[in-house]
Amino acid sequence: MKPRWNILLARIVLAFLLSLVIAACTDPAADAAAAHDRGDYAVELKITKPLAEKGVAWAQVRLGRMYARGWGVDRNYQEALKWYRLAAAQGDASAQNRLGNMYSGGYGVERNYVEALKLYRLAAAQGNADGQSNVGMMYSNGWGVVKDYAEALKWTRLAADQGNARGQDGLGVLYDNGSGVPRDYIEALKWFRLAAAQGDAAAQTHLGNMYSDGRGVPQDYTEAMRWYRIAASKEYVTAQTRIGSAYELGEGVEKDYVEALKWYGLAAAQGDERAQNYLGGMYALGRGGPTDYVRSYMWFSLAAAGGDSAAIEGRDWVAKKLTYKQLNQAQKLAVECKARDFVDC
């Protein structure tokens, strides 16, 4: 009987050791990332949420991002903020940077550039390239700090030198505009191409702009449209707006107001003030459908509230076309649309 017991014991020990090996080889972070990359958000959520609830910082960041983007869950900025804050409190640089994005963009909170910059600095101080790029962006735009292109260049280059696509794109913008450096379209193109090759939607859109305007390259609306479509496939709002403009003006494509309305609508639903302003104009002029001054006022009003000064003139012009009852209706629609985060407006 003893040899049989020895064999059984050996099998039990072997099974235990194998379970340890399997557990050691399991990498939940890698598994969650793989699930995300193949678009399996249900699996990503299943892996991520229990770990986030146990206080694992990387899982909290990933879960926050899922709520911020609506990946596998209903978009919920409050939930995103909650998880980002928990991870940021642990000193996670990625969480600090993403929380900064929420304050910078006004997602789920009042837009607060000072708070955003504070969070970006915390991330940048840890060598986080996205944080460095964002500090550069804040200095470049004068958001939460006095505009300073020398500081913008310093921080943006730190990010770009790490191979960070956003930093490369930001550096391209500085060269394109001649901000802090002599204007150099060729140098701008170089940095835009490097970032675009990494799949950065902003850089792909900027590259499209270079072709659309003929800066550093021969003007080519077709090539511009190609880059805009690549960026828009990632739901990048500026690219969606540019595609809308291309269809409205017939640049690189046949003029098509229905398509223009569609693309402006996609960008407007993400809160893009320029697209909202353009939508106001489309409805006022009856482009892509019947003239609708009520919806025109609604979109002009939303764009103006979001900071698009050009929309104020359009809103005030359309207001003169409305009856008192229609004006109240338009204002009510604007409030309701804003409350829904511009969805189904």
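Our subject is the structure listed above.
What you see is a predicted model; the values in this text were computed from it and never measured.

About the thresholds
Residues numbered from 1 in each chain as written. Predicted model: local features only at pLDDT ≥ 70, side-chain atom pairs only at ≥ 80, totals over all residues. Heavy atoms only, no water. Helix = DSSP H or I, 4+ residues; strand = E, 2+ residues; numbered from the N terminus. Buried < 20%, exposed > 50% of the residue type's maximum accessible area, 1.4 Å probe, protein only. Contact = heavy atoms within 4.5 Å. Areas by Shrake-Rupley, 256 points an atom, 1.4 Å probe, with all protein chains shown as cover. Lys, Arg positive; Asp, Glu negative; His and termini not counted. Charge placed at Lys NZ, Arg CZ, Asp CG, Glu CD. Disulfide = S-S within 2.5 Å. Phe/Tyr/Trp six-rings, centres within 6.5 Å; stacked < 30°, edge-to-face > 60°. Axes fitted to C-alpha atoms, helices over the stretch in contact; angles between N-to-C directions. Left-handed = near helix turned anticlockwise from the far one by under 90°. Nonpolar A, V, L, I, M, F, W, Y, C, P; charged D, E, K, R; others polar.

(A) View of the overall build of the protein chain. Helix and strand counts for the protein chain come out as 19 helices and zero strands. Counting only C-alpha atoms, the protein chain reaches 100 × 50 × 40 Å along its principal axes. Taken over 345 residues, the protein chain has a buried fraction of 43%. Contacts spanning at least 24 positions in sequence make up 44% of the contacts within the protein chain whose residues lie at least 6 apart. For the protein chain, the exposed area adds up to about 17800 Å²; of that, 54% sits on carbon and sulfur atoms. Taking the 41 positively charged and 38 negatively charged side chains of the protein chain as two groups, their mean positions are separated by 5 Å.

(B) Seen up close, the side chain of serine 133. Mapped onto the fold, serine 133 is located in helix 8 (residues 129-141). The buried category is assigned to serine 133, whose relative accessible area is 7%. Setting aside chain neighbours within four positions, we find serine 133 in contact with Trp155, Ala159, Asn164, Arg166 and Gly167.

(C) Highlighting the state of the cysteines. Considering all chains together, one arrives at one disulfide under this definition. For cysteine 337, the disulfide goes to cysteine 345, at an S-S distance of 1.9 Å. Taking the sign of the S-S torsion, 105 degrees for the link of cysteine 337 and cysteine 345, the bridge is right-handed. Cysteine 337 sits in the buried class, given a relative accessible area of 0%.

(D) Up close: the packing of aromatic side chains. Counted under the stated rule, the structure contains five aromatic pairs. Ring centres of tyrosine 293 and tryptophan 317 lie 6.3 Å apart, and the angle between their planes is 75 degrees; on these two criteria the pair is classed as edge-to-face. Taken as a pair, tyrosine 293 in helix 17 (residues 293-305) and tryptophan 317 in helix 18 (residues 310-319) lie far apart in primary sequence, 24 residues in all. Classification of tyrosine 293 by relative accessible area gives partly exposed; the value is 27%.

(E) Local environment of unusual backbone geometry. For glutamate 235, which is not a glycine, the phi torsion comes out positive at approximately 65 degrees. Following the sequence through the fold, glutamate 235 ends up in the loop between helix 13 (221-232) and helix 14 (237-249). Backbone geometry places aspartate 341, a non-glycine residue, at a positive phi of 55 degrees. Along the chain, aspartate 341 turns up in the segment after helix 19 (324-339). Using a relative accessible area of 40% as the deciding quantity, one classes aspartate 341 as partly exposed.

(F) Quick peek at the packing of helix 15 (residues 257-268) against helix 16 (residues 273-285). With their axes 8 Å apart at the nearest point, helix 15 and helix 16 run at an angle of 145 degrees to one another. Where helix 15 crosses over helix 16, the handedness of that crossing is left-handed. Across the interface between the two elements, Tyr257, Ala260, Leu261, Tyr264, Gly265, Ala267 and Ala268 from helix 15 touch Ala275, Gln276, Tyr278, Leu279, Met282 and Tyr283 from helix 16. The class makeup of the residues in the contact of helix 15 with helix 16 is 11 nonpolar, two polar and no charged.

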